[in-house]
Amino acid sequence: MSNTEPSVPELEDAPAAPRIRSSELPEVEDVDPPPTLTQPPREITEDTPLSSLSQAEIAALTEKMLNDNPDTRLKLIAEITPISELRAEYLDGSQSFVRQIDWLDAHGYTQFRRAARDGNCFYRSVAFSYLDRLLHAPNIPATVARFRQVLESKEAGLTIAFQDDVHKEFSEQLHTLMQIIENFGIALSTEELLERLLEVSDYVSYFFRLIASAEIRTNPTPYQDFIFDQDIAAFCQSQVEAVDSEADHIPMMALCNALRITLKLATLSSHGQGPVQENDIFTVISPDDAMDRDLPPILLLFRPGHYDILLRPEPE
């Protein structure tokens, strides 16, 4: 793990591109609700007892309800918000949080996007940031190809870890979004990309869960010393694959190692006293073989039990 922020080269001014209508974009493939890893999907009717639903079935029904209401769906990842609004929420609470938010604001981290508190906030935030970086890469086709190559290599590991190809139900949605980015490039806006992702966000988020789980299962050595009172398989089933399980440092490290991506995590802590330093706030997870050092790191903001997307806008 490194605590050195990757350097980001200056981007050349790109030529203006025509705006595109959402009707010109290819449709993200319609899919059935996500199946469980061990059982085929079943038909759920109004007579199905709620107590009989699996976690995956509950997640699928939740996403269907959200997708039926675009206004609700957009709240899974909200619009860009000044970080000063977050500061205002803590004025009568933790002054440590206020000081840390002030430090972020003063150092250019002036905006954030709220993510829904549904157990998927980490994976959904990483998924959007992962795709948005492709959209703003200096060389989009080459970067997409590089990321796709890593993904495809990890999909082979998923078949080994889970002994079937059920992950393809989830990975196809991510590959479709990457193809849209490659095809349309800078003519596609960040908000259009976000809208497309949110149509299938639970599929992409769960695919990232499977990637993290497979990494821990097939390469347990870096993680096993941090897992107590459970074997590797039980930990992965309950703490990574379960659709409402929050991500801690173990699946976070596993996902970064598997995808070879760099994550810069700002943590708001109530224990900080005195002047705020960068090392008090930020943790950087960057595997030795990270393949995204030419891109800004994925930026997330962690408050106890929750992740949002942190933004550091380029100076105008």
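Everything numeric here is computed off the predicted structure, so don't read it as measured data. (Residues numbered from 1 in each chain as written. Predicted model: local features only at pLDDT ≥ 70, side-chain atom pairs only at ≥ 80, totals over all residues. Heavy atoms only, no water.)

Digging into the overall build of the chain
For step 1, the next point in the chain: When helices and strands are tallied, the chain shows 12 helices and 6 strands.
For step 2, the next point in the chain: Looking at the chain residue by residue over its 316 residues, the buried ones come to 48%.
For step 3, the next point in the chain: Considering only contacts within the chain whose residues lie at least 6 apart along the sequence, 79% involve residues at least 24 apart.
For step 4, the next point in the chain: In the form shown here, the chain has an accessible surface area of approximately 15900 Å², with 50% of it arising from carbon and sulfur atoms. (Helix = DSSP H or I, 4+ residues; strand = E, 2+ residues; numbered from the N terminus. Buried < 20%, exposed > 50% of the residue type's maximum accessible area, 1.4 Å probe, protein only. Contact = heavy atoms within 4.5 Å. Areas by Shrake-Rupley, 256 points an atom, 1.4 Å probe, with all protein chains shown as cover.)

Re unusual backbone geometry
For step 1, the next point in the chain: If you check the backbone angles, Asp229 has positive phi at about 65 degrees while not being a glycine.
For step 2, the next point in the chain: With respect to the element layout, Asp229 can be found in the loop between helix H9 (201–218) and helix H10 (232–241).
For step 3, the next point in the chain: Assessed through its relative accessible area of 83%, Asp229 is described here as exposed.
For step 4, the next point in the chain: In this structure, Arg260 takes a positive phi of about 60 degrees despite not being glycine.
For step 5, the next point in the chain: Tracing the backbone through its elements, the reader meets Arg260 in the loop between helix H11 (249–259) and strand E3 (263–267).

Here we look at the packing of helix H5 (residues 121–135) against helix H8 (residues 190–199)
For step 1, the next point in the chain: The geometry of H5 relative to H8 is characterised by a closest axis approach of 10 Å and an angle of 140 degrees between their N-to-C directions. Between H5 and H8, the interaxial angle falls into the category oblique. Here H5 and H8 pass one another in a crossing that is right-handed. Touching Arg124, Ala127, Phe128, Leu131, Asp132 and Leu135 of H5 are Thr190, Leu193, Leu194, Leu197 and Leu198, all from H8.
For step 2, the next point in the chain: Its residues assigned to classes, the contact of H5 with H8 comprises 8 nonpolar, 1 polar and 2 charged. (Axes fitted to C-alpha atoms, helices over the stretch in contact; angles between N-to-C directions. Parallel < 35°, antiparallel > 145°, perpendicular 65-115°, else oblique. Left-handed = near helix turned anticlockwise from the far one by under 90°. Nonpolar A, V, L, I, M, F, W, Y, C, P; charged D, E, K, R; others polar.)

A short note on the sheet that holds strand E1 (residues 77–82)
For step 1, the next point in the chain: The strand order across the open sheet built from 6 strands is E1-E2-E6-E5-E3-E4, with neighbouring strands paired in mixed fashion. Bordering the open sheet on either side are E1 and strand E4 (282–285), each of which pairs with just one other strand. The sheet shows a mean angle of 30 degrees between the axes of neighbouring strands, direction not considered.
For step 2, the next point in the chain: Strand direction decides the pairing type here: strand E2 (residues 111–115) and strand E6 (residues 306–311), joined by 3 bridges, are antiparallel. When the bridges of E6 are listed, Gln111 appears paired with Leu311. (Pairing = 2+ DSSP bridges.)

Observations regarding the environment of Gly108
For step 1, the next point in the chain: For Gly108, the location among the structural elements is in the loop between helix H4 (95–106) and E2.
For step 2, the next point in the chain: Distance in space between the C-alpha atoms of Gly108 and Leu311 is 8.5 Å, their sequence separation being 203 residues.
For step 3, the next point in the chain: If near-sequence neighbours (up to four positions away) are discounted, Gly108 is found in contact with Leu311, Arg312 and Pro313.

Re the pairing of E3
For step 1, the next point in the chain: Of all 5 residues making up E3, 4 are buried, and the element is well covered by its neighbours.
For step 2, the next point in the chain: As defined by bridge partners, E3 adjoins E4 across 4 bridges and the pair is classed as antiparallel. Each residue of the ladder has a partner; that of Lys264, found in E4, is Val284.

Brief notes about H8
For step 1, the next point in the chain: Of all 10 residues making up H8, 7 are buried, and the element is well covered by its neighbours.
For step 2, the next point in the chain: Listed as buried for H8 are Thr190, Glu192, Leu193, Leu194, Arg196, Leu197 and Leu198.

Describing the nonpolar core
For step 1, the next point in the chain: Membership of the largest hydrophobic core comes to 70 residues, with the highest contact counts inside it found for Phe122, Leu131 and Phe208.
For step 2, the next point in the chain: Membership of the second largest hydrophobic core comes to 18 residues, among which are Leu86, Tyr109, Leu268 and Leu301. (Core = buried A, V, L, I, M, F, W, Y, C linked by side-chain atoms within 4.5 Å.)

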